[in-house]
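Structural overview for review
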Amino acid sequence: MNTDQNEREIRRDLAAAYRLIALDGMDDGISTHISARLPGERFLLNAFGLRFEEVREDNLVIVNADGEVLDDPTGFGINPAGFTIHSALHAARPEVACVLHTHTVAGVAVSSLAEGLLPLNQWALQFHERLAYHDYEGIALDLDERERLATDLGPHSAMILRQHGLLTCGTSVGEAFLRMRDLERSCQAQLAAQATGRPLLEASPAMAEHVARQYEAWAESPGGTDRAWQAERRRLTGDALQAQTTR
C-alpha cells in the first residue's frame with residue numbers, strides 16, 4: 001500500500017469514528033478528540049470548532065508531535081488542551097495508531113467513583129487488570145502532565161481519567177472505537193445496576209481474567225476486529241447517515 005492510499009484510508013476511518021461517536025451520543029459539543037497517527041510522526045485531529053458529525057476526511061487537521069499545525073483546511077486550528085493528552089500517549093507508545101477520548105455522562109460518573117469500574121458485566125470483564133487510572137490535574141494545558149499520563153497508562157489500552165472521562169487506544173482507529181464503546185457500555189451498565197440499590201454481584205478475579213483473555217483471543221483472530229469495524233462503518237450509509245445529519 002502506498003503512502004497516499006494509506007493516508008486516505010486512515011482519514012476515512014478517523015472521520016467515520018468521529019461521526020459514529022456523535023451518532024452514539026458519546027460526543028461533547030466541540031470538545032474531546034480522536035487522533036490518528038500518519039507516517040512521519042504526523043497526526044490527524046479534528047478542527048476546534050466542528051461538531052463530531054461535521055468531521056469529514058477532507059477537513060481533518062494535520063499536526064506534528066508538538067501539536068504544531070501543519071495543514072488546516074478549516075482555519076479553526078486545534079484545541080491545545082486536547083492534544084496534550086494525545087501527544088503524550090502517541091509519543092510513549094509508537095504502536096498506538098489511534099487515541100480516543102470522551103466526556104460522556106456515564107464515563108464521567110464512573111470516573112468520579114472511588115471504586116472506579118467494577119467487574120459487574122461481560123463488557124467490563126475485558127478490562128480486568130487492563131485498565132489504567134490517571135488523577136485529575138485540571139484542564140490539560142500543562143505539558144508537564146504528558147509524562148504522568150504516559151506513565152499511568154503504562155502498557156494498557158484503556159484508561160479512566162479521574163473526574164474527567166474515558167480514554168482508549170488502538171493499533172487501528174476501529175480497534176480504539178470498539179474498545180471505547182465497550183468501556184462506555186461497561187460504565188452505563190454499572191450505573192444502572194448501582195441505581196437499583198440492590199447488592200451487586202461481582203465476577204471473581206479468575207473469571208474476569210478468563211473473559212479478558214477470551215476478548216483478546218477474539219481481537220487477535222483473523223478478521224475479528226476488522227469485521228466488527230466494517231459493520232460499524234456501514235451504519236454511516238443510508239438511513240443511519242440521514243438520521244445523523246438531521247439531528
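Residues numbered from 1 in each chain as written. Predicted model: local features only at pLDDT ≥ 70, side-chain atom pairs only at ≥ 80, totals over all residues. Heavy atoms only, no water.

**So, the overall build of the chain**
Within the chain, the regular secondary structure consists of nine helices and eight strands. The principal-axis extents of the C-alpha atoms in the chain amount to approximately 55 × 45 × 35 Å. Considering only intrachain contacts with a sequence separation of at least 6, the fraction spanning at least 24 residues in the chain is 67%. Within the structure as shown, the chain displays about 11,600 Å² of accessible surface, and the carbon and sulfur contribution to it stands at 51%. (Helix = DSSP H or I, 4+ residues; strand = E, 2+ residues; numbered from the N terminus. Contact = heavy atoms within 4.5 Å. Areas by Shrake-Rupley, 256 points an atom, 1.4 Å probe, with all protein chains shown as cover.)

**Let's talk about the state of the cysteines**
Summed over the entire model, instances satisfying the criterion amount to zero disulfides. The structure places no disulfide on Cys169, whose sulfur is separated from the nearest cysteine sulfur, that of Cys98, by 8.2 Å. (Disulfide = S-S within 2.5 Å.)

**Considering the environment of Arg227**
With respect to the helices and strands, Arg227 occurs in helix α8 (residues 224-233). Put simply, Arg227 and Val69 are 158 residues apart on the chain and 34 Å apart in space, counted from C-alpha to C-alpha.

**What about α8?**
For α8, the set of buried residues is Gly224, Thr225, Trp229 and Glu232. Buried residues of α8, viewed axially, fall in a sector of 120°; they line one side. (Buried < 20%, exposed > 50% of the residue type's maximum accessible area, 1.4 Å probe, protein only. Arc of directions from axis to C-beta.)

**Considerations on the environment of Leu191**
Mapped onto the elements of the fold, Leu191 is located in helix α6 (residues 173-195). It is 29 Å that separates the C-alpha atoms of Leu191 and Leu14, two residues lying 177 residues apart in sequence. When neighbours within four sequence positions are excluded, Leu191 is seen to be in contact with Ala106, Ala109, Val110 and Leu113.

**Remarks on the nonpolar core**
Counting residues in each nonpolar core, the largest one holds 46 residues, and the members touching the most others are Tyr18, Ile34, Leu117, Phe177 and Trp229. Taken together, the elements giving at least two residues each to this core come down to α1 (3-23), β1 (34-38), β2 (42-45), β3 (61-64), β5 (98-102), α3 (105-111), β7 (158-161) and α6. With nine residues, the top contributor of residues to this core is α1. If near-sequence neighbours (up to four positions away) are discounted, Trp229 is found in contact with Asp13, Ala16, Ala17, Leu20, Val173, Gly174, Phe177 and Leu178. Within the second largest apolar cluster, 13 residues are counted, among which are Leu89, Ala132, Leu167 and Cys169. (Core = buried A, V, L, I, M, F, W, Y, C linked by side-chain atoms within 4.5 Å.)

**Remarks on the packing of aromatic side chains**
With the rule as written, the count across this model stands at three aromatic pairs. Arranged with centres 5.9 Å apart and planes meeting at 55°, the rings of Phe43 and Phe83 form a pair that is tilted. With Phe43 in strand β2 and Phe83 in helix α2 (residues 80-92), this pair connects stretches of sequence that are 40 residues apart. The same class applies to Phe43 and to Phe83, which are both buried. (Phe/Tyr/Trp six-rings, centres within 6.5 Å; stacked < 30°, edge-to-face > 60°.)

**What to know about the sheet that holds β1**
On the basis of which strands lie adjacent, the open sheet formed by eight strands has the order β4-β3-β2-β1-β5-β8-β7-β6 and mixed pairing. At either margin of the open sheet sits one strand with a lone partner, and together these are β4 (69-71) and β6 (132-134). For this sheet the average axis-to-axis angle between neighbouring strands, irrespective of direction, equals 25°. Sheet topology note: the β2/β3 ladder contains four bridges and is antiparallel. Directly across from Leu44, in β3, lies its bridge partner Ile62. Contacting β6, β7 and β8 (165-170), helix α5 (residues 145-153) runs over the sheet at an angle of about 155° to β6. Along the sheet face, α6 touches β1, β5, β7 and β8 and points at about 150° away from the line of β8. (Pairing = 2+ DSSP bridges. Axes fitted to C-alpha atoms, helices over the stretch in contact; angles between N-to-C directions.)

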